[in-house]
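Structure assessment
Each chain, letter by letter, is given below.
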Amino acid sequence: EITKVLITVCFYVDYLDNGNNKMAIQQADKLLKKHKDLHCAKVLKAIGLQRTGKQDEAFALAQEVTALEPTDDNSLQALTILYREMHRPELVTKLYEAAVKKVPNSEEYHSHLFMAYARVGEYKKMQQSISAQDENLSKTMFLPLAERMVEKMVKEDKIEAEAEVELYYMILERLEKYQEALDVVRGKLGEKLTSELQSRENKCMAMYKKLCKWPECNALSRRLLLKNSDDWQFYIIYFDSVFQLIDKSWTPPAEGEHSLEGEVHYSTEQAVKFIEERITEEAERSRPLRGPYLAELELIRRLRHRGCNDEYKLGDPEELMFQYFKKFGDKPCCFTDLKVFVDLLPSSQCTKFISQLLGIIPLSAPAEGKLALPADIKALQQHLCVVQLTRLLGLYHTIDKKQKLSVVRELMLRYQHGLQFGKSCLKTELQFSDYYCLLAVHLLLDMWLEAGEEMAVWQSLTLLEEGLTHSPSNAQFKLLLIRIYCMLGAFEPVVELYSSLDAKHIQHDTIGYLLTRYAESLGQYAAASQSCNFALRFFHSNQKDTSEYIIQAYKYGAFEKIPEFIAFRNRLNTSLHFAQVRTERMLLDLLLEANISTSLEESIKSMSLSPEEDDIPWKDLHDNRDLTVLFNWDPKDRDISEEHRKRSLEEETIWLQIRSLTLRLVSGLPTLSHTVHPKNSEKTAENGVSSKIDTIRSLLQQLETAVDSGKQFLEQKIQYPVLGPPPTRMAGFFSNGSCQCQTSLFYLVSDIYELDTSGLEDSTEIQERIGNSFKSLLEQLTDLFNKCKGDLMEVRDGILKTHPNILENLVFFVETMSITLWVSSYCDSVLRPFKLSLQKKKKKKKETSVVMPPVFTSFLDYVTELQTLTSNVIDHIKGLEIILTALKLEELSIDDTLLSQEEKKFTKTVQGKVQSSYQHSIQEIGELLKKRLDTIKKLKI
C-alpha cells in the first residue's frame, strides 16, 4: 500500500513538473479519497491549484496542513515551494519553527529555519535559531554572530579556510577592535588571505588608516608603489600620509626601523624625489605607464592647495600636461586623466595651451577652404582629446552664435570623416568619431536653452538620430535623445529608446528617473503604466533576490559580502525613485480606473491603501539617481555641483510629499460614508467616522505645510545645469492653479462632512460656505483650462516651435478634474439621502411644494457647469488634434545652412516623431476626459 502511494505521488510530481496542473489535481483527489490525512498530497494539490489561478483555495488547503504542524520532509518542502510561489516567505518561518519544536535534534530543520529567517531579514531570530542547534552545526553557522566562537577556534588551531579568517577579520572590524584585526592580518592567520591580489596589504592599510598609523601607511604604500608604480590608490595614500606626518612634525626614531613596514617619507623633499625616481624608471620602459606622470601633477595640486612654495621643483604644470599629452594623447583616457588637473592652468594660458596641443597633432595638409583632417585613428583620438579640453576650459562658451555654428559644422565634418575608420566595426561597437557628434549637440543645446534658438533643438535631434544610424548601440546618443524629446514633451519616441538601452537590474533605479519623471506628465497614460512597471518589477524582485544572495553567501562562506547585500537591499527599499514610482503608479491607476471601470472604493481597496498609513521612509530616503550618466565636458562653474544634488533631492522630496498626501487624501474619501444618524455624535464616534474626518483634516494640514515648503523652495529660483537633474512638475503645479484647486476640493470635503453630521436644519452658514466653494472651484477650473489654450506646435518665421507646457497643463487639468469628480461623488452620496428624506416628508404632508435648501440648487448648478466646462475642454482638444493633423511638416521648407540635404531628411523624421507623439497624447487625454464626462452626467441628486 505504501509503495502504491509513493508511486502515485511520483506521478503527481511529474505532472506538476511538466505543467499538467489539472491532471495533477485529479490524481491528488483520487489519492485523498483513500488517504484523507496524507499531508503531502494535500500540499501538492494546493500547488496545482495555485498554478491554475485558484489562489484562495490553494491558501486554505495549505493553511489546513500548516495548522497540523507536519514534520515529514516532503510536506515541509512542498509547503516551502508553495509559499515561495505565493510570495509569502514569512509563512515558511512559522512552518519550520513548529517543525524544530517537534524535532529539536534535526540539523536539517534548524538549517532550513535559519535560511527562512535570512530570507525575511529576521537577524535576531537567526541568532536564536543557531543557539538552539548542536555543537557541529554551530561551528558552521554561528561564525558571523559570535566573536567568542571564532576565538575558541583560533586557540584550538582549528581555523583552516580563508573564509574563516575573513570572517574573524570582519567581526573584529565591526567591533572596532582595529588593533586586534591588524594583528590577525599580520600574523600567521593572515597568510591564508591569498584569493585576492594584495588582499593582506589592503586590509593592513585599512587598519593603519583607522588607527591613524601614518608612518606605517606611508611605508607600506611606498613599498607597494616600488612593486607597481601604476597603482593609483597607493599614490593617494602615500600623499595623504606624507602630509599627515608633515603636519604632525613626525620624525623617525634615532635607532631601529622607522615603522613596522620599513622606511618612512616624512618631508616634501622626499616625496618630490620619490616621484621623480618613479618617472626616471618609467622613461626606461618600452611601454610607458601613466601613474607616475599623473602623480607628479597630483603632488603639484596638493602643494598648491597647501600654499607651499615647493611645487616649482616638479616643473611647470602646463608643460607637464603638454608632455603627458605627447605620450598618451592617442588614448581615450587622456582627457579624463587631464580633466582633474586643468585647474592648475591660469585662465590666460588656456588658448595658448590648446594651440600648443593642436600644433603637434599629425593632420593632413589642408586644401584651400578645407579642414586639416587626421590620417589615422591615433591622430583622431589626439584631436578629439583637444576638442574635449577646449570645451572643458570654457573656450566654446565665450564665442558668439555665428562662431558656435561654425564649430558645430566643423565638428560634424570631422565626425563624418572619422566614420571611415569604423567601417569594419560591429553594430554593437561605437564609432571612433562619435564624441565629435556629441560635442556638436552640446553646443547646439547651449544655443537652445541659453539663447532660446528653437532651430538649434531640431538640429541637435537631427545629428543624434543620424549618429544613431552609424552607432546603433551608443547609449549616450539614446540618453541625450530621451532627455531632449522629453523636454519637448514628446514621450512616444522615448519608450522605444529606453527599451533599446536594455537597462539591467540596478539601472532601473539609477537611470529610471529619466523615463518616469516624464511618463505621466506628457499624457501618454498607457506608456506611463508600462514605464512604471519597468521600475516596480525590479524593486519588487529585489527583496526576494537579495535574500537568495545572502543565503548563498552563508552557504559558501563569503561572510564579508553579507553586510553588503543587506545594505544593498536596504538602500533599494528606501530608494527615493521607488517611493516616487509607487506613488505615481497608484495615482495613475486611480486616474484611469476609479469611477470608470471600478468604483473609487474598490480601486483603493485593491491597492490596500489607507489614509492613516504612510509607508515611505522619509528620514532614510536614498537618492540613488545617477545624475552624471550623460557625458559632460562643461567647465566646473557650469557642471553639476554637490549643491545642485542637495537642492534636487530637496525638491524631489517635497514633490513626493505633495503627491503622497494627495493620494492618501483621495484614499480617505470612501471612508467618509454617509452616517445614518446625523445628529447622534456618539454613534458617529462609535462607527469610527469622526476619526476618519480627523485623519482627512490632519492630512490636509500636512499638505498645506508641504505646499508652503514647495513655494519657498521655488522662490529660490534654482537653475540646474543643462544636463543636470530634471526639475519636478512642482513649478507647473503651482503656476497653473492645480494646487489651489485640489487643496480647495479637500477643504470642501470637510465642509460636506460637517453638513452630513449636523443635518440640513440650522446649517445655513455651512450651506452658504459650500455654495461659495462650488462657485470658486468652477472659477479655478476655468482658469486652469485657460492655461491649456494655445497651439502645441506652430510654424513661425519658417521655424517649427513647440509649447509642451500646454500638454503638461492639460494633464494637470485631467487629474484635477478627476479629483473634482471623486469629491463631487462624495457630495452626491451625502446630499442624495437628504433629498429622499425631504421628498418623503412632502408626500406625508401632501404639500404641493417644499422649499429646497440652497445647497441642492448650488450643487445642481455646479454639476451643470462642470459638464459644460468638460465638454468645452473636449472640444478644445479636438481642435488641437485637427490643427496638429493639418500641420504638413513635409511641406515645411527647412532653411538651414548648417545641415546638409541628407541631414535635413532626419530633421523631417524628428519633427514627425514629435508631431505624432503630441497627437497620441492629445487622443489619450481626450478619451479619458470623455469617460470623466460620462461620470459627471451620473451626478444628479
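Per an unreviewed UniProt entry, the protein is named N-alpha-acetyltransferase 25, NatB auxiliary subunit, and its organism is Chelonoidis abingdonii. Under the Function (unreviewed entry) heading, UniProt states for the protein: "Non-catalytic subunit of the NatB complex which catalyzes acetylation of the N-terminal methionine residues of peptides beginning with Met-Asp, Met-Glu, Met-Asn and Met-Gln. May play a role in normal cell-cycle progression." What UniProt states about the protein under its Subcellular location (unreviewed entry) heading is, verbatim, "Cytoplasm".

Secondary structure assignment for the protein yields 41 helices and two strands. Each principal axis of the C-alpha distribution contributes one length, and for the protein these read about 115 × 90 × 60 Å. Within the protein, the fraction of its 941 residues that count as buried is 52%. Accessible area for the protein stands at about 44,200 Å²; split by element, carbon and sulfur atoms hold 51% of it. Averaged over its 118 positive side-chain charges, the protein has a centre that lies 4 Å from the centre of its 135 negative ones.

Right, let's get into the pairing of strand E2 (residues 799–802). As judged from the four bridges shared by strand E1 (residues 793–796) and E2, these two strands associate in the antiparallel manner. What sits directly across from methionine 793, in E2, is threonine 802. What sits between E1 and E2 in their antiparallel hairpin is a turn of two residues, with aspartate 797 showing a positive phi close to 55°.

Once that is clear, we can look at helix H16 (residues 268–283). Taking 1.5 Å of rise per residue, the 16 residues of H16 would be expected to cover 22 Å, and the 23 Å separating its terminal C-alpha atoms lies within 8% of that figure. Check the buried side of H16 and you find it contacts helix H14 (214–227), helix H15 (232–247) and helix H17 (291–305).

With that out of the way, let us pick up the packing of aromatic side chains. Taken as a whole, this structure holds 20 aromatic pairs when the rule is applied. Here the aromatic rings of phenylalanine 538 and phenylalanine 539 are separated by 5.2 Å at their centres, their planes lie at 50°, and the arrangement is tilted. With a centroid separation of 6.4 Å and an interplanar angle of 55°, the aromatic rings of phenylalanine 785 and phenylalanine 813 are classed as tilted. Note that phenylalanine 785 is positioned in helix H38 (residues 764–786) and phenylalanine 813 in helix H39 (residues 804–845), a separation of 28 residues in sequence. The exposure class assigned to phenylalanine 813 is buried, which follows from its relative accessible area of 0%. The residue whose ring lies beneath lysine 203 is tyrosine 169, and the NZ or CZ to ring-centre distance is 5.4 Å.

Take the nonpolar core next. By size, the foremost hydrophobic cluster in this structure holds 228 residues, and its most contacted members are Ile484, Phe491, Ile658 and Phe813. Among the elements that make up this core, the one with the highest residue count is H39 (18 residues). If you look at the next biggest cluster of nonpolar residues, it comprises 27 residues, including Val43, Ile47, Leu91 and Tyr109.

We now examine the packing of helix H3 (residues 39–51) against helix H5 (residues 73–85). Packing of H3 against H5 brings their axes to within 9 Å, and their N-to-C directions diverge by 20°. With respect to their mutual orientation, H3 and H5 come out roughly parallel. Considering the relative orientation of H3 and H5, their crossing is left-handed. Here His39, Cys40, Val43, Leu44, Ala46, Ile47, Gln50 and Arg51 of H3 come into contact with H5, specifically with Asn74, Ser75, Ala78, Leu79, Ile81, Leu82 and Glu85. Taken together, the residues of the contact of H3 with H5 break down into nine nonpolar, four polar and two charged.

Further remarks concern the pattern of salt bridges. Scanning all chains against the criterion turns up 45 salt bridges. Of the charged contacts, one joins arginine 796 and glutamate 794 as a salt bridge, the two residues approaching to 2.5 Å between their closest N and O atoms.

Turning our eyes to something else, we now look at the environment of leucine 393. Locating leucine 393 in the fold gives a position in the loop between helix H21 (377–392) and helix H22 (401–418). A relative accessible area of 17% means that leucine 393 is categorised as buried. Note: C-alpha distance between leucine 393 and proline 635 (242 residues apart in sequence) is 5.9 Å. Apart from the residues lying within four places of it in its own chain, the contact partners of leucine 393 are Val342, Leu345, Cys350, Phe353 and Ile354.

Before going further, it helps to examine the packing of helix H31 (residues 576–593) against helix H33 (residues 642–668). Viewed as axis vectors pointing N to C, H31 and H33 meet at an angle of 35°, and their least axial separation amounts to 10 Å. Taken as a pair, H31 and H33 cross one another with a handedness that is left-handed. Each of Leu576, Ala579, Gln580, Thr583, Glu584, Met586, Leu587 and Leu590 in H31 lies in contact with H33, whose residues at this interface are Leu649, Glu652, Trp655, Leu656, Arg659, Ser660, Leu663 and Val666. For the contact of H31 with H33, the class distribution of residues is 10 nonpolar, three polar and three charged.

Reading guide: rules and limits
- Residues numbered from 1 in each chain as written.
- Predicted model: local features only at pLDDT ≥ 70, side-chain atom pairs only at ≥ 80, totals over all residues.
- Heavy atoms only, no water.
- UniProt positions renumbered as here; feature names shortened; annotations may be inferred.
- Helix = DSSP H or I, 4+ residues; strand = E, 2+ residues; numbered from the N terminus.
- Buried < 20%, exposed > 50% of the residue type's maximum accessible area, 1.4 Å probe, protein only.
- Areas by Shrake-Rupley, 256 points an atom, 1.4 Å probe, with all protein chains shown as cover.
- Lys, Arg positive; Asp, Glu negative; His and termini not counted.
- Charge placed at Lys NZ, Arg CZ, Asp CG, Glu CD.
- Pairing = 2+ DSSP bridges.
- Expected span 1.5 Å × (residues − 1).
- Contact = heavy atoms within 4.5 Å.
- Phe/Tyr/Trp six-rings, centres within 6.5 Å; stacked < 30°, edge-to-face > 60°.
- Lys NZ or Arg CZ within 6 Å of the ring centre and 35° of its normal.
- Core = buried A, V, L, I, M, F, W, Y, C linked by side-chain atoms within 4.5 Å.
- Axes fitted to C-alpha atoms, helices over the stretch in contact; angles between N-to-C directions.
- Parallel < 35°, antiparallel > 145°, perpendicular 65-115°, else oblique.
- Left-handed = near helix turned anticlockwise from the far one by under 90°.
- Nonpolar A, V, L, I, M, F, W, Y, C, P; charged D, E, K, R; others polar.
- Salt bridge = Lys/Arg side-chain N within 4 Å of Asp/Glu carboxyl O.

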